[in-house]
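Coordinate inspection notes
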Amino acid sequence: MLVASSADMDNLIKNASNSEPVIGRFAPSPTGPLHFGTLLAALGSYLQAKSCAGSWFLRIEDLDPPRVVPGAADAMLRLLEQLGFEWDGDIIYQSHRYKRYQQILDQLREQGEVFACSCSRKEILASAPHPGEEGFVYPGTCREGIRGSRSERAIRLRVPDEEIIYHDGIFGEQRQNLERDVGDFVLHRADGLFAYQLAVVVDDIDAGITQVVRGADLLLSTPRQIYLYRCLNLVPPDYFHLPLAFGNNGKKLSKRNGDMGLITRENGSNMLWKGLVFLGQSPPEELFNSTPGELLCWGRENYHPGKIPAENRQINFA
Ligand code: GLU
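Quick look at the structure, then. (Residues numbered from 1 in each chain as written. Predicted model: local features only at pLDDT ≥ 70, side-chain atom pairs only at ≥ 80, totals over all residues. Heavy atoms only, no water.)

**Focus on the side chain of R224**
Locating R224 in the fold gives a position in helix α8 (residues 222–231). A polar side-chain atom of R224 sits 3.3 Å from the main-chain carbonyl oxygen of L220. (Helix = DSSP H or I, 4+ residues; strand = E, 2+ residues; numbered from the N terminus. Polar contact = N/O pair within 3.5 Å; in protein donor to acceptor, adjacent residues only side chain to side chain.)

**So, the pairing of strand β1 (residues 23–26)**
Of the two faces of β1, the one lined by I23 and R25 and the one lined by G24 and F26 are each fully buried. Bridge analysis of β1 against strand β2 (residues 55–60) gives four bridges, and the strand direction is parallel. Its bridge partner lying in β2, F26 is registered against L58. Note that the unit made of β1, helix α2 (residues 36–50) and β2 has a crossover that is right-handed. (Buried < 20%, exposed > 50% of the residue type's maximum accessible area, 1.4 Å probe, protein only. Pairing = 2+ DSSP bridges. Right-handed = clockwise from strand over helix to strand, strands pointing away.)

**Side note on the pairing of β2**
As paired elements, β2 and strand β3 (residues 92–93) share two bridges and run parallel to each other. Note that in β3 the partner of R59 across the bridge is I92. The parallel pair β2 and β3, bridged by helix α3 (residues 72–82), forms a crossover whose chirality is right-handed.

**A short note on the sheet that holds strand β8 (residues 185–188)**
Spatial ordering of the open sheet is given by β4-β5-β8, a layout of three strands whose pairing is antiparallel. Each edge of the sheet is formed by a strand with only one pairing partner; in this case those strands are β4 (114–117) and β8. Direction aside, neighbouring strands of the sheet carry axes that sit 45 degrees apart on average. Pairing analysis gives three bridges linking strand β5 (residues 154–157) to β8, with the strands arranged antiparallel. Across the sheet, R156 pairs through a bridge with V186, a residue of β8. Across the sheet, helix α4 (residues 98–110) touches β4, β5 and β8, and the angle it forms with β8 is around 125 degrees. (Axes fitted to C-alpha atoms, helices over the stretch in contact; angles between N-to-C directions. Contact = heavy atoms within 4.5 Å.)

**Things to note about the packing of aromatic side chains**
This model, assessed by the stated rule, comprises eleven aromatic pairs. Relative to F278, the ring of F36 has its centre 6.2 Å away and its plane inclined at 90 degrees; by these criteria the two rings are edge-to-face. Of the two residues, F36 is situated in helix α2 and F278 in helix α9 (residues 268–278); the sequence distance between them amounts to 242 residues. Among the residues examined, F278 registers a relative accessible area of 4% and is labelled buried. Note on Y46 and W56: the rings are 5.1 Å apart at their centroids and 80 degrees apart in plane angle, and the pair reads as edge-to-face. Remark: W56 occurs in strand β2 and Y46 occurs in helix α2; sequence separation between them is ten residues. Like W56, Y46 is buried. Following the ring pairs from residue to residue traces out a cluster consisting of F26, Y46, W56 and F85. A cation over an aromatic ring shows up here: R156 above the ring of Y138, its NZ or CZ 3.9 Å from the ring centre. Above the ring of F278, the side-chain terminus of R313 is found at 4.0 Å from the ring centroid. (Phe/Tyr/Trp six-rings, centres within 6.5 Å; stacked < 30°, edge-to-face > 60°. Lys NZ or Arg CZ within 6 Å of the ring centre and 35° of its normal.)

What follows is the structure, encoded as structure tokens:
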């Protein structure tokens, strides 16, 4: 296997930007306040787009109303603004885009790529052949049609028994056999909501996204998204999955794990500093007490994605 050095990798990215404009995005779910894990995704996607004069869009992933915390999106946007992040164009809200998701679902139905499924989660768990990436692998029960008079619950995309292989810009070559590791996956959920996998692909397509930079917790979702691009006859973007930061308790930093790593206006510049260091960017010591704007400016001029370590790590906020 060819291993690209960090300088090669940076050149590849910069050269790509010569031929086509780079369009990146940050797509937080408004399920709580801004924390260090989300800040890393904002910082990595922002620096990668802006360091090669690309655009950086913002999308609020409020697809799942029960999980949305009222006011969280606005608070996050205000804080990002205060920290000096500047995004291009209008902010996209997934909750405004249900019609578009339905259109693409209809298109996939016309192409014969999807089928209705009547299985409950309990039934799938009972008959799943083995544990998969999502906890279970869908065993294909309704592939040839719903049995008897059972009613439709979800709509699934039929997947091939084939390995999807892609090169992640940070974690290297990734492989996943969709049928064996995931199974036919849900595009429209039993509760009537569109699934994340469908929405994220439709949104990235419509925004012309050329590079997706986000947390490594989504490494295993990417093959499903790449397969959706294929069903729609489109070329997927380049993917860069950032290492995850774990707290002292060894758990992924998130709003669910308490207020560890919460970002405020006061600690913002310190957290940005920690973010740059976590992403392997080695800012010079004299910038330690700089303003968020100065840190982002240094980041835009000095960002090297090839320096990002492909390793999830613990971070200490003490
Ligand atoms: N909304 C997802 C999150 O906050 C990120 C989705 C993505 O970047 O594709 O974890």
